[in-house]
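Results of the structural survey
If you want the building blocks of each chain, they are given just below.
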Amino acid sequence: MIPGPFQFHRPQSVADAVKLLSSLGDEARPLAGGHSLVPMMKLRLASPEHLVDLHGIGSLKGIRREGDTLVIGAMTTQHELVTSPEIAALVPIVKETSLQIADPQVRYCGTLGGNVANGDPGNDMPGLMMALGARYRLEGPDGAREVEAVDFYQGAYFTALEPGELLTEIAIPVPPAGHGYAYEKLKRKIGDYATAAAAVVLALSGGKVATCRIGLTNLSETPLLAEDAAACVIGTALDEATLAKAADLARAVMQPAADGRGPAEYRTHVGGIMVMRALKRAAARAA
């Protein structure tokens, strides 16, 4: 189908973009990679009167380290995440996850900011950002503020973004050297949304788990942080009984909807399996 009519704007700065979004109100939508918004427009599920294209804002791109934090501009593409030496060296799970998003053509255009900002529970990056303890920088008419990834998602397609605000940067605390990581994703075919997925970031000490965070994707109307599941593996060597307990505790917070990927019971079951697989693979990678 063909989208409805709209006016196109291409600001050259964050301030100009914020001004446009604020003045145009609910009828304006920011355009990043476009892989969520444009299909919705073609199906007439979204009909914004104004598109504010962010591609002309150079400050929204790039990857830099600031002390113990890796800062990624919101318009940095998935392809740039895959090919970045900094990402590969400091947060390799981001590269691993990016490689499981859609296909190369999509990754050339799709952005990290777009993936985390629109509140789609099927997107891969939000649950991962929770597992990494990431923070989002939001800039709006009242200035800039930071929101923890765990506090950003309020419901399917509902986030902490206020009217006129724009997500500009993602700040990720650099995990310790030798940490273990894994993103396990069950999907029907290459490029599909997850039937269920789990991100694990952990560290070992003396052969036992010292720290652990577990993020879940597409297993509720928002991404989830499986805190009880992560807590139960602390101090263990991840024996089979502990893995099974972690899976059950993770399942306790899952509330997936039944859809073409399977009934809710099936998706909950395989969600637990993804948690166990991710824990095992992350531990095997940890120094």
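The structure this text deals with has already been given above.
First things first, this report covers the structure right here in the doc. (Residues numbered from 1 in each chain as written. Predicted model: local features only at pLDDT ≥ 70, side-chain atom pairs only at ≥ 80, totals over all residues. Heavy atoms only, no water.)

A few points about the overall build of the chain
- Within the chain, the regular secondary structure consists of 12 helices and 14 strands.
- Its C-alpha atoms give the chain principal-axis dimensions of roughly 60 × 45 × 35 Å.
- A burial count over the chain gives 53% of its 287 residues as buried.
- Taking the intrachain contacts of the chain between residues at least 6 apart in sequence as the baseline, contacts between residues at least 24 apart amount to 61%. (Helix = DSSP H or I, 4+ residues; strand = E, 2+ residues; numbered from the N terminus. Buried < 20%, exposed > 50% of the residue type's maximum accessible area, 1.4 Å probe, protein only. Contact = heavy atoms within 4.5 Å.)

With respect to the side chain of K185
- Structurally, K185 is set in strand β11 (residues 180–186).
- A polar atom in the side chain of K185 sits 2.9 Å from the backbone oxygen of Q100.
- The contacts of K185, once residues within four sequence positions are left out, are Q100, D124, D192, Y193, A194, A196, A197 and M274. (Polar contact = N/O pair within 3.5 Å; in protein donor to acceptor, adjacent residues only side chain to side chain.)

Thoughts on the packing of helix α11 (residues 240–251) against helix α12 (residues 264–285)
- At their nearest, the axes of α11 and α12 sit 8 Å apart, and the two run at 135° to each other. In this view, α11 runs oblique relative to α12, as classed from their interaxial angle. Regarding α11 and α12, the two cross each other, and that crossing is right-handed. Note on element contacts: α12 touches α11 through T268, H269, G272, I273, V275, M276, L279 and K280, opposite E240, L243, A244, A246, A247, A250 and R251.
- Tallied by class, residues from the contact of α11 with α12 come to nine nonpolar, three polar and three charged. (Axes fitted to C-alpha atoms, helices over the stretch in contact; angles between N-to-C directions. Parallel < 35°, antiparallel > 145°, perpendicular 65-115°, else oblique. Left-handed = near helix turned anticlockwise from the far one by under 90°. Nonpolar A, V, L, I, M, F, W, Y, C, P; charged D, E, K, R; others polar.)

Quick word on the sheet that holds strand β12 (residues 196–205)
- Taking strand neighbours across the sheet as the criterion, the four strands line up as β11-β12-β13-β14 in an open arrangement whose pairing is antiparallel. Strands with a single pairing partner mark the edges of an open sheet, and in this sheet they are β11 and β14 (224–225).
- Looking at chain direction, β11 and β12 are connected through seven bridges and run antiparallel. Its bridge partner lying in β12, Y183 is registered against A199.
- Packed on one face of the sheet, helix α8 (residues 125–132) meets β12, β13 (208–217) and β14 and runs near 155° to β13.
- Where α12 meets the sheet, its contacts fall on β11, β12 and β13, and the angle it forms with β11 comes to roughly 155°. (Pairing = 2+ DSSP bridges.)

Some thoughts on the layout of surface pockets
- If you add up the space inside the largest pocket, you get close to 1600 Å³.
- Lining of the largest pocket is provided by 50 residues; of these, R29, S36, G114, A117 and N118 occupy positions nearest its centre.
- Taken together, the residues of the lining of the largest pocket break down into 23 nonpolar, 19 polar and eight charged. (1 Å grid on protein atoms, 1.4 Å probe; cavity = no way out; pocket = protein on both sides within 12 Å on 5 of 7 lines; lining within 4 Å. Points joined across faces, edges and corners; volume = space filled by probe spheres on them.)

A closer look at the pattern of salt bridges
- One pass over the full model with this rule turns up 16 salt bridges.
- A salt bridge links R10 to D53, with the shortest nitrogen-to-oxygen separation between them at 2.7 Å. Of this pair, R10 sits in the loop between β1 (7–9) and α1 (14–24) while D53 sits in strand β3 (residues 50–53), and the two are 43 residues apart along the sequence.
- Linking E80 and K61 is a salt bridge whose minimum nitrogen-to-oxygen distance equals 3.1 Å. With E80 in helix α3 (residues 78–83) and K61 in the loop between β3 and β4 (63–66), this pair connects stretches of sequence that are 19 residues apart.
- Of the residues examined, E80 reaches a relative accessible area of 28% and is grouped as partly exposed.
- With a relative accessible area of 40%, K61 lands in the partly exposed category.
- Several salt bridges converge on common partners, so that one network encompasses R188, D192, D259, R261 and R267. (Salt bridge = Lys/Arg side-chain N within 4 Å of Asp/Glu carboxyl O.)

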